[in-house]
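Read off the chains here:
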Amino acid sequence: MVIQREQPIQITGFSTTGETLEAELRSVHATHKSEVKPTQDGSFTLEFKSLPAGGPYTLAVSDSSGTTTLTDILIGDVWLCSGQSNMEWILKNTDDGPAEINRSHNPNLRLFTIENLDSAEPLEALVSGEWKRCEPGSTVDFSAVGYYFGKELTSHTGVPIGLVDATWGGTQIQPWTPIEIYKNDPQYHYLLKADPINKINFSSSENETGFAKDTIEKVDQLLASADNINPNFPNEFNSRNWQNPNRTAALYNAMIHPIIDRPIKGVIWYQGESNASRAVEYQALFPLMIEAWRDRWQQPKLPFLFVQLANFRKFLDTPQSSQWAELREAQSMALSLPNTGQAVTIDIGEADDIHPRNKHDVGKRLALHALAQCYGIQYSDIEGPALKKLTSIEGNLVLEFENTKDGLELREPADKAFAIASDKGPFHWADAKLEDDQVILYSPSVSNPTHVRYAWANNPQAPLYNASGLPASPFRTDDRRLSTAGRRSSDTVSYHNVSSFEELLSKVEWVKSGKMSLAVSRYHPDSSAPNLVDDDPETRWSAEGNGVILVAKTNNPRTCKEIGLSFYNGDKRQSVIKIEHSLDGKNWTESFFGLNSGKTSDEQRFPVSNDKIQYIVVTFYGNTGNLWNSITEVDFHH
């Protein structure tokens, strides 16, 4: 256990005797005493004065029934590690993970994982969890970003560090925000719309998941043979997998509210992927959440350090709009709040994986901000170059930067990193050269350039660094309307209560996507998203969570022997899938019920017995959890 230093210490518990409790918090150097009489319901709070970093301490609590003792307590700094799957991503699944686990003995670092749980109402206590020493048995399934962050802090400060992991893959920012924040401001009342539970009732023998008992049993058997089991969910496809983490305030209520009475040193945060299709909305929602957490902890200067989204998806040859670039901009805008810091990771992502395996540099870059802001350790730079001045000179744009005390670097390739435009003209790639720590941009296609965009893409070239090896954050100087402007969370889907596929097909909105049209609707019990059409051709047929159903129809009915499906699978795990097809939407044939390959992009073929089909339904069951399920291509084989 780690208790926050230099803050009054409160330790809560429960007693069955009702007698006054006597407690001692002692180390080899001193003993601190406290006593308290439990309340009528048996609960109690022991109070001790604030203490400096140190330990280990032993806590002994006594009454006439005996003494309860807790040992190995450290006084130090507690950091909350929160967000979605990239913060949740465990150490064993990272670059050099096994080797790092073997050398992870660190007596000054302690780890605590909060169980995934959602709640409609704020909970007063965690349902489970225990502090663990930092050693191979505990680091293997702990947040890799959190671990590397804590490792840096202990090695540079000597202060005991406690890391609290409160993460859930695939989650948006709304469930992490107290609901009162949205209730108190009319402009956010749209986020308060109830999340309906829309079940498709196929059988009277269903449980709370909406699926028949024999289906659940079959899925359990298949998952038992799957490769690379998701550690965050049990193998059984049961009610544990059917929580709805993306309900407004649901994760704040269950995973954050129970610990707000415990002082912490600060927060590290890695989230935003699930809000990228509504990036402009995130400009407001992210600062709201930060300030709400500071208010709840009664720490108005609580340090809040976050990770900007990494590069991801295919490199594109032409300048164009990018939801991920817009989300990165929204994250950077939160730096206007005091005591914030951003770790830029635009150079360490992976084109074909939303979960980059290099988490070491992520944790280290976060730690640079913490060490400078919270521990007074001075560095030449703690962040990459930031645009300071833009000047137009004789058809060139000249860029000057700050955070470059020891110089500026422009690495190769840089031919498609900067795009420039006139006031109203299109953006074109610019030639870039470095002279006297200034970047000079020129394009023969733009005679009078006024604006620049740097690394403005899902997966851009990002060649600009300072001498400390820290990358520049993507940026733009224009104020043109963004592609996600006007999109709101409640506007992305239609809600329908349905009792059959036939009724569903008559109600949903159909959106064309390639060879298919997709049913855009939220219609499955507690699924966190419907078929998602987000203008991204790489993940154009997708849905978040376990047990979700994706529905599509061919633009023209056709006869085929096999359906070919290509998947995006960020977790690299096998999922149980069921594929059904129909010509009329009333009579359905099961084409496949089993494990997919767990691979990304490789087409898998599923037989349909030379039937004529128009509708296709794919159901995903279990073992994902960290990412939306996505189908990137559909083909028909005769």
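Anything mentioned here points back to the structure above.
Parameters and conventions
- Residues numbered from 1 in each chain as written.
- Predicted model: local features only at pLDDT ≥ 70, side-chain atom pairs only at ≥ 80, totals over all residues.
- Heavy atoms only, no water.
- Helix = DSSP H or I, 4+ residues; strand = E, 2+ residues; numbered from the N terminus.
- Buried < 20%, exposed > 50% of the residue type's maximum accessible area, 1.4 Å probe, protein only.
- Contact = heavy atoms within 4.5 Å.
- Areas by Shrake-Rupley, 256 points an atom, 1.4 Å probe, with all protein chains shown as cover.
- Expected span 1.5 Å × (residues − 1).
- Polar contact = N/O pair within 3.5 Å; in protein donor to acceptor, adjacent residues only side chain to side chain.
- Axes fitted to C-alpha atoms, helices over the stretch in contact; angles between N-to-C directions.
- Parallel < 35°, antiparallel > 145°, perpendicular 65-115°, else oblique.
- Left-handed = near helix turned anticlockwise from the far one by under 90°.
- Nonpolar A, V, L, I, M, F, W, Y, C, P; charged D, E, K, R; others polar.
- Core = buried A, V, L, I, M, F, W, Y, C linked by side-chain atoms within 4.5 Å.
- Pairing = 2+ DSSP bridges.

Colleague: Describe the overall build of the chain, and please don't skip the residues or the numbers.
Modeller: Across its full length, the chain holds eleven helices and 31 strands. For the chain, the proportion of its 638 residues judged to be buried stands at 57%. Nonlocal contacts in the chain, meaning residues at least 24 apart in sequence, comprise 74% of its contacts between residues at least 6 apart. Total accessible area on the chain is roughly 25800 Å²; 46% of this is exposed by carbon and sulfur atoms.

Colleague: Pulling in residues and values, what's your account of the environment of Asp95?
Modeller: Topologically, Asp95 is positioned in the loop between α1 (85-88) and α2 (97-102). Classification of Asp95 by relative accessible area gives partly exposed; the value is 45%. Along the backbone, Asp95 and Asn358 are 263 residues apart, and their C-alpha atoms lie at a distance of 5.6 Å. Excluding residues that lie within four positions of it along the chain, Asp95 makes contacts with Tyr148, Arg357 and Asn358.

Colleague: Describe in detail helix α8 (residues 279-297), supporting the description with residues and values.
Modeller: Because an α-helix packs 3.6 residues into every turn, residues spaced three or four apart end up facing the same way. Counted at 1.5 Å a residue, the expected span for α8 with its 19 residues is 27 Å, and the 27 Å between its end C-alpha atoms agrees. Along α8, the residues that are buried comprise Ala279, Glu281, Tyr282, Leu285, Phe286, Pro287, Met289, Ile290, Ala292, Trp293, Arg294 and Trp297. A positive backbone phi angle near 55 degrees is found at Gln298, which sits one or two residues after α8.

Colleague: An account of helix α9 (residues 323-333) is needed here, citing residue identities and associated values.
Modeller: Buried residues dominate α9, accounting for ten of its eleven residues. Those residues of α9 not exposed but buried are Gln323, Trp324, Ala325, Glu326, Leu327, Arg328, Glu329, Ala330, Gln331 and Ser332. Where the residues of α9 are buried, they touch α8, β12 (304-307), β13 (340-343) and β23 (475-476). Here α9 starts with a cap whose side-chain oxygen sits 3.4 Å from the backbone nitrogen of Trp324, and that cap is Ser322.

Colleague: Explain the packing of α8 against α9 to me, and be specific about the residues and the numbers.
Modeller: Relative placement of two packed helices is described by the angle separating their axes and the distance separating the axes. Orientation of α8 relative to α9, taken along the N-to-C sense of each, is 20 degrees, at an axis distance of 8 Å. As the angle between them shows, α8 and α9 are arranged roughly parallel. You can see that α8 and α9 cross each other, and the crossing is right-handed. Every residue of α9 that contacts α8 at Ala279, Tyr282, Gln283 and Phe286 is listed here: Gln323, Glu326, Leu327, Glu329, Ala330, Gln331 and Met333. The residue makeup of the contact of α8 with α9, split by class, is six nonpolar, three polar and two charged.

Colleague: Give a description of the nonpolar core that names residues and reports values.
Modeller: Across soluble globular proteins, nonpolar side chains show a tendency to be buried alongside one another. The biggest cluster of nonpolar side chains holds 80 residues, and the ones touching the most others in it are Trp79, Leu80, Phe149, Trp269 and Trp293. Looking at which element gives the most residues to this core, the answer is α8, with nine residues. Formed by 22 residues, the second largest nonpolar core is a distinct cluster that contains Leu397, Leu410, Ile420 and Val452.

Colleague: Pulling in residues and values, what's your account of the side chain of Asn116?
Modeller: Here Asn116 is to be found in the loop between β8 (106-113) and β9 (132-134). Judged by relative accessible area, which is 7%, Asn116 ranks as buried.

Colleague: Which residues make up the sheet that holds strand β19 (residues 431-435), and what are the values?
Modeller: Spatial ordering of the open sheet is given by β14-β15-β20-β19, a layout of four strands whose pairing is antiparallel. Only two strands of the sheet have a single partner each, and these edge strands are β14 (386-393) and β19. Averaged over all pairs of adjacent strands, the angle between strand axes in this sheet comes to 25 degrees, irrespective of strand direction. Note that strand β15 (residues 396-402) and strand β20 (residues 438-442) share four bridges and pair antiparallel. When the bridges of β20 are listed, Leu397 appears paired with Leu441.

Colleague: Can you break down the packing of helix α4 (residues 144-157) against helix α10 (residues 360-375) residue by residue, with the values?
Modeller: Two elements in contact, α4 and α10, have axes whose closest approach is 8 Å; the angle formed by their N-to-C orientations is 45 degrees. Taken together, the axes of α4 and α10 are oblique relative to one another. Viewed along their axes, α4 and α10 form a crossing whose handedness is right-handed. Listed contacts from α10 to Val145, Tyr148, Phe149, Glu152, Leu153, His156 and Thr157 of α4 are His360, Val362, Gly363, Lys364, Leu366, Ala367, Ala370, Leu371 and Tyr375.

Colleague: For the side chain of Gln331, give the residues involved together with the corresponding values.
Modeller: Summarising the element assignment, Gln331 is placed in helix α9. Residue Gln331 is classed as buried on the basis of its relative accessible area, which comes to 1%.

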